[in-house]
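Notes for the structure review
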Amino acid sequence: MSDTTKPSGTTDGGPRPDAVEVLGPRREALVPGTPLLEVDDLHVEFVTRDGIAKAVNGVSYSVSAGETLAVLGESGSGKSVTAQAIMGILDMPPGRITAGRILFRGQDLLTMSSKARRAVRGRKIAMIFQDALSSLNPVLSVGYQLGEMFRVHQGASRKEARERSVELMERVRIPAARQRVNDFPHQFSGGMRQRIMIAMALSMEPDLIIADEPTTALDVTVQAQVMDLLAELQAEFQMGLILITHDLGVVADVTDKIAVMYAGRIVETAPVHELYARPAHPYTRGLLTSIPRLDQKGQNLYAIQGLPPSLLRIPAGCAFNPRCDRVQDRCLVEPPPLVPVLDADGADLPGRRSACHFWKETLHG
Ligand code: ADP
Ligand code: MG
């Protein structure tokens, strides 16, 4: 972490040493390891004109305080739909949750009272989307929007709310925050707007942040800065963090564990370094070799042939079988369960699971 208690180069109204002391949301850090979210065997489908699209087919994952989970997969693998189910933003046709539980601090969001649910969604669990511009109101200043939480829910005066907005903007390292608090969203760069979205999420003092492709629209240098900021805030407050991405390179430095999704299922889970070193699923191995090569400009080594399946017609057996370079007869008929991955001596590798019949050959071969 960079040591920047005093933002350098800011010109926002001269020195305010006391303000530096009170930056950020006034909350205590969570106790690391406290279980926050547990998604258990979640199923989501969409009723479409062409049939039922099985977008999420038995996803389970969990995040505790101080932990970062990256959910990785190609476009259409069900990453966002899972997050939308958690946030309750597909509680209407055509999307429907057909099975599963979504536990927040041990309570099932799907069965609790709507009042209790509202206290969690959007408050205890905050979400950051890819497109900040469409999440912010274009005709209100960012300071006004950031201050809403304090005015509406905490009864702060306009002046107090504005102060808190400036603090939040400083906390997410927006230069010249005090001068810029009255600016409108379009006056900020994409990276700065994403920082505003992060500040907005922080204003709720959430236990958990779900960030869905938060840097996909940004250029590479800015991506890294926004990721670093998220990681820094997460470490400071010991929030849980879920990073949804199609690009492992963006999250590798800031995540603890990874869940790889394919066709609405988790096909592999592993601590990030182990996933890199020794993938236990051919799909993961393909994703790893398709990371753009910085040393060979323009070379995007894409090792996986073909495209993900239509969720209206998921292949029998293993959904990845039409694209797999190790496919066997068994893979065409028998869906592989997500099973523990063992090392050569038969010992359990903590956090490691694979949904490949041939995980052993993949891991060791
Ligand atoms: P990603 O992993 O890229 O975030 P999504 O979770 O957004 O993928 O979507 C997974 C699949 O769910 C899509 O490919 C699509 O088939 C289906 N889906 C998502 N939203 C809808 C919708 N509103 N109506 C019908 N199908 C949808
Ligand atoms: Mg998505």
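Per an unreviewed UniProt entry, the protein chain goes by ABC transporter ATP-binding protein and derives from Streptomyces kaniharaensis. Listed in UniProt under the heading Sequence similarities (unreviewed entry), the comment for the protein chain reads: "Belongs to the ABC transporter superfamily."

Now for helix 9 (residues 220-237). Since the α-helix advances by 3.6 residues per turn, residues separated by three or four positions end up pointing in the same direction. The end-to-end C-alpha separation of helix 9 is 26 Å, in line with the 26 Å expected for 18 residues at 1.5 Å each. Phi for Gln238, located one or two positions after helix 9, is positive at around 55°.

Strand order in the open sheet made by the four strands is 2-1-4-5, with antiparallel pairing throughout. Single-partner strands in this sheet number two, and they are strand 2 (51-64) and strand 5 (107-108). Relative to strand 2, strand 1 (residues 35-48) is paired through 11 bridges, and the arrangement is antiparallel. Residue Glu45 lies in a different strand from strand 2, and its bridge partner there is Lys54.

In total, this model carries 15 salt bridges according to the counting rule given. The closest approach of N and O atoms between Glu236 and Arg171, which form a salt bridge, is 2.4 Å. Residue Glu236 is located in helix 9, and its partner Arg171 is located in helix 6 (residues 158-171); the two are separated by 65 residues in the primary sequence. Residue Arg171 is classed as buried on the basis of its relative accessible area, which comes to 8%.

Let us now look at the sheet that holds strand 6 (residues 125-128). Taken together, the eight strands give an open sheet; going across it, the order is 6-7-8-3-9-10-12-11, and neighbouring strands pair in mixed fashion. Edge positions in the sheet fall to strand 6 and strand 11 (339-342), since each has one partner strand and no second. When strand polarity is set aside, the average angle formed by the axes of neighbouring strands in this sheet is 25°. Examined bridge by bridge, strand 3 (residues 68-72) and strand 9 (residues 257-262) share four bridges and lie parallel to one another. Residue pairing for strand 9: Leu72 is matched across the bridge by Val260. The sheet contacts of helix 8 (residues 190-203) involve strand 6 and strand 7 (208-212), and relative to strand 6 the element is tilted by about 170°. Relative to strand 9, helix 12 (residues 282-289) is tilted by about 105°, and along the sheet it contacts strand 3, strand 9 and strand 10 (265-271).

So, about the site of ligand 1. Residues in close proximity to ligand 1 total 13 residues, the closest being Gly76, Gly78, Lys79, Ser80 and Val81. Taking Gly76, its main chain carries an N or O atom lying 2.7 Å from an oxygen atom of ligand 1. Residue Gly78 places a main-chain N or O atom 3.0 Å away from an oxygen atom belonging to ligand 1. Contact with the protein chains hides 65% of the accessible area of ligand 1, taken as 560 Å² for the molecule alone. Residue assignment for the shell around ligand 1 shows that the elements contributing at least two residues are strand 1 and helix 2 (79-87). With three residues, helix 2 is the single largest residue contributor to the shell around ligand 1.

Definitions and cut-offs
Residues numbered from 1 in each chain as written. Chains lettered and ligands numbered in written order. Predicted model: local features only at pLDDT ≥ 70, side-chain atom pairs only at ≥ 80, totals over all residues. Heavy atoms only, no water. UniProt positions renumbered as here; feature names shortened; annotations may be inferred. Helix = DSSP H or I, 4+ residues; strand = E, 2+ residues; numbered from the N terminus. Expected span 1.5 Å × (residues − 1). Pairing = 2+ DSSP bridges. Salt bridge = Lys/Arg side-chain N within 4 Å of Asp/Glu carboxyl O. Buried < 20%, exposed > 50% of the residue type's maximum accessible area, 1.4 Å probe, protein only. Axes fitted to C-alpha atoms, helices over the stretch in contact; angles between N-to-C directions. Contact = heavy atoms within 4.5 Å. Near = heavy atom within 4 Å. Polar contact = N/O pair within 3.5 Å; in protein donor to acceptor, adjacent residues only side chain to side chain. Areas by Shrake-Rupley, 256 points an atom, 1.4 Å probe, with all protein chains shown as cover.

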